[in-house]
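Working through the structure, step by step
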Amino acid sequence: MEQGNTFLTQMMALNSLSQVQIAQATGVSQQTISKLCSGVTKTPSRDTALRLAEYFEVSTDDIYQQ
């Protein structure tokens, strides 16, 4: 399996979060979270990046770094 969004997978592991938990908290679909984690989607949309950045209290630059 190809490694996906490193930031997202690291934050999930550090915070013991599931894809479903992140999806519910951010309003980003679980399917989108799954695609980012698996590498199917390499770069999140601007809206997704903003939602994840707000949730994890980081900048969007952190989201886009892989």
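Look up a bit, the structure's there.
Only a predicted model underlies this, so the values are computations on that prediction, with no experimental measurement involved. (Residues numbered from 1 in each chain as written. Predicted model: local features only at pLDDT ≥ 70, side-chain atom pairs only at ≥ 80, totals over all residues. Heavy atoms only, no water.)

Turning to the overall build of the chain, a few remarks are in order. A tally of helices and strands in the chain yields five helices and zero strands. Beginning at the N terminus, the succession of helices and strands in the chain can be written as α-α-α-α-α. Relative to a compact globule of 66 residues, whose C-alpha radius of gyration would be 11 Å, the chain shows 10 Å and is just as compact. Each principal axis of the C-alpha atoms in the chain carries an extent, and together these give about 30 × 20 × 20 Å. Per-residue burial for the chain yields a buried fraction of 33% across its 66 residues. Of the accessible surface of the chain, which amounts to about 4100 Å², a share of 47% is contributed by carbon and sulfur atoms. The positive charge centre, built from 4 side chains, and the negative charge centre, built from 6, are 10 Å apart in the chain. (Helix = DSSP H or I, 4+ residues; strand = E, 2+ residues; numbered from the N terminus. Rg over C-alpha atoms; globule rule 2.2 N^0.38 Å. Buried < 20%, exposed > 50% of the residue type's maximum accessible area, 1.4 Å probe, protein only. Areas by Shrake-Rupley, 256 points an atom, 1.4 Å probe, with all protein chains shown as cover. Lys, Arg positive; Asp, Glu negative; His and termini not counted. Charge placed at Lys NZ, Arg CZ, Asp CG, Glu CD.)

Below, the discussion takes up the pattern of salt bridges. Going through the model one piece at a time under the given rule, you end up with one salt bridge. We note a salt bridge from R51 to D47, for which the minimum N-O separation is 3.0 Å. One end of the pair is R51 and the other is D47, both in helix α4 (residues 46-56) and four residues apart, which spans about a single turn. Since its relative accessible area comes to 43%, D47 is described here as partly exposed. (Salt bridge = Lys/Arg side-chain N within 4 Å of Asp/Glu carboxyl O.)

Keep in mind these numbers describe shape, not what the thing actually does.
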